[in-house]
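An overview of the molecular structure
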Amino acid sequence: MPLELYLDLHSQPCRSVFLFAKINKIPFEFKAVDLSAGEQYGDEFGKVSIIRKVPVLKDGDFILTESIAILQYLAAKHHTPDHWYPAELQKRARVDEFLSWQHTNIRTHGSKVFWFRGVLPAVTGAPVPKEKMDAAVEDLNMSLKTFEDKFLQSRPFIIGDQISVADLVAIVEMMQPVSTGLDVFQGRPVLSEWRDRVKKEIGVEVFDEAHKVIMNVDTLPQTFENKGLPEFLKLRIQKMFN
Amino acid sequence: MSLEMYLDLFSQPCRSVYIFAKKNDIQFDYKKISLFEGYQYSEEYGKINLLRKVPAIKDGDFCLAESVAIMLYLAEKFHTPDHWYPADLQKCARVNEYLSWQHSAIRIHGSKMFWFKLLIPKALEVEIPKEKMDNAVEDLNASLNLFEEKFLQDRPFIVGDQISLADLVAIVEIMQPVGAGMDVFENRPKLKAWKDRVRAEIGAELFDEAHQAILYAQEAVKTMDPKKMEHFKPKILRYFLS
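Predicted model only: the values in this text are computed from it and were never measured.

1. Description of the sheet that holds strand S4 (residues 62-65) of chain A
Residues and elements named next belong to chain A. The strand order S2-S1-S3-S4 describes an open sheet built from four strands, whose pairing is mixed. Edge positions in the sheet fall to strand S2 (29-32) and S4, since each of these pairs with one other strand and no more. Each adjacent strand pair in this sheet contributes to an overall mean axis angle of 20 degrees, direction not counted. As defined by bridge partners, strand S3 (residues 56-59) adjoins S4 across four bridges and the pair is classed as antiparallel.

2. With respect to the layout of surface pockets
When its volume is computed, the second largest pocket comes out at roughly 680 Å³. Looking at the second largest pocket, it is lined by 32 residues, and the ones nearest its centre are Tyr85(A), Arg92(A), Glu76(B), Tyr85(B) and Cys92(B). Contributions of two or more residues to the lining of the second largest pocket are made by helix H3 (67-77) and helix H4 (89-102) of chain A together with helix H3 (67-77) and helix H4 (89-101) of chain B. Tallied by class, the residues present in the lining of the second largest pocket amount to 19 nonpolar, six polar and seven charged.

3. Side note on the UniProt feature "domain: GST N-terminal" (unreviewed entry) in chain A
Those places that UniProt annotates as "domain: GST N-terminal" (unreviewed entry) correspond, in this numbering, to residues 1-82 of chain A. The straight-line gap between the two end C-alpha atoms of residues 1-82 of chain A is 26 Å; of that span, 35% is helix and 20% is strand.

4. Observations regarding the sheet that holds strand S3 (residues 56-59) of chain B
Residues and elements named next belong to chain B. Here four strands make up an open sheet; going across it, the order is S2-S1-S3-S4 and the pairing mixed. With partners counted over all chains shown, the strands left at the sheet margins are strand S2 (29-32) and strand S4 (62-65), one partner each. Direction aside, the axes of adjacent strands within the sheet are offset by 20 degrees on average. By the bridge criterion, four bridges tie strand S1 (residues 3-7) to S2 in an arrangement that is parallel. Bridge assignment links Glu4 to a residue of S2, and that residue is Asp29. Sitting on the sheet, helix H1 (residues 12-23) touches S1 and S2, and the angle it makes with S1 is about 145 degrees. This element, H3, spans S1, S3 and S4 of the sheet and lies at about 130 degrees to S4.

Procedures and definitions
Residues numbered from 1 in each chain as written. Chains lettered and ligands numbered in written order. Predicted model: local features only at pLDDT ≥ 70, side-chain atom pairs only at ≥ 80, totals over all residues. Heavy atoms only, no water. Pairing = 2+ DSSP bridges. Helix = DSSP H or I, 4+ residues; strand = E, 2+ residues; numbered from the N terminus. Axes fitted to C-alpha atoms, helices over the stretch in contact; angles between N-to-C directions. 1 Å grid on protein atoms, 1.4 Å probe; cavity = no way out; pocket = protein on both sides within 12 Å on 5 of 7 lines; lining within 4 Å. Points joined across faces, edges and corners; volume = space filled by probe spheres on them. Nonpolar A, V, L, I, M, F, W, Y, C, P; charged D, E, K, R; others polar. UniProt positions renumbered as here; feature names shortened; annotations may be inferred. Contact = heavy atoms within 4.5 Å.

Spelled out as structure tokens, the structure:
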């Protein structure tokens, strides 16, 4: 039975899993989940995961959620090159440190800016209040500063000379606000150079393929207009940011 | 060269690291710090952990932040018994899955309850609007429901018959709202049974020792000087109430 990956490439953690599998030539069946249609709340997806999030991995009977866990699982099972998740104690600790920190920092703030700029106005029909928007951007800027000061510093990649899953997770998260037209790399030469390096290591073609959907996020209002937005989804979204 | 651990046992992730080290007889130099005194903002602590959070360890020259990364490091370095972080691919994935999910779920919602029910009203003397309080309680309950339905189910521990890092991280987070006077185990007999099991596995004495500070929080806050918290106030209010 082939490996199944339940993905919507609008989602940052779906992109890191997609890229990791592609780069390492891990064969998988792409099971598309349409988040904008609220498919994750449906009965069918509920049989896959009651947490109702993506990505999800299904390897035979084994179902696994959480991109970090999925990346660690794939790295171990498919014996991917060591640099992705090094065996050496301190190098691995540095990857784990970033993977842990990012959840409530770059991920949270990048997502928030994405929702505030790209999604909420399409759902509510109005822009987000300036004060809330400014606070969200300020938080994102602080996370990016911490990323540069602590996690990257003057190294080519987060843990040293070679790319790891830490860089992969970092870049997909940073691309989220970028997709709404907020270029987080502008005015940050060190970060831009790291981005170019990571993109090159991943492979520009597969990087662009993974990001095609999110870079077209300005079509989201039209999508909502065409498909309609399920009411429970609308309420959920509004509650998220009140 | 010795292992130094910078801990404040008011903090959930400090408790999991403390319990893990003690339970496994890992020798460490206990650097007890006070978050309420603001030590994390000192120049001295900045050299240990630029993120200015706890816990942090210093093992010789190697500094490491993030409790999950720290425990994985200690488990590996000190060859702790397999059940804490199993070598088996799928069991390990289950632990990783929980450790990842909890950051943005139980940890956030449990922390918020502690701040909303205790610290903000009592130490900062600010009232929490009813709607925000109700939402916070609802979020915590949703997380606890998912914990029981997906992560625990009918198993004695999260991964199966034996305790792992997942249970340790879960229990310290669930104890946080308890410290604020909220009985999360009321009407949750399965959760209570699991908690009793985990406490017994850890050792009641060690568990109670680690939780002494947080369970005393309601008393401690009575003697807290609101003026001392003034410098935290804007940051906290913005984080929780904006």
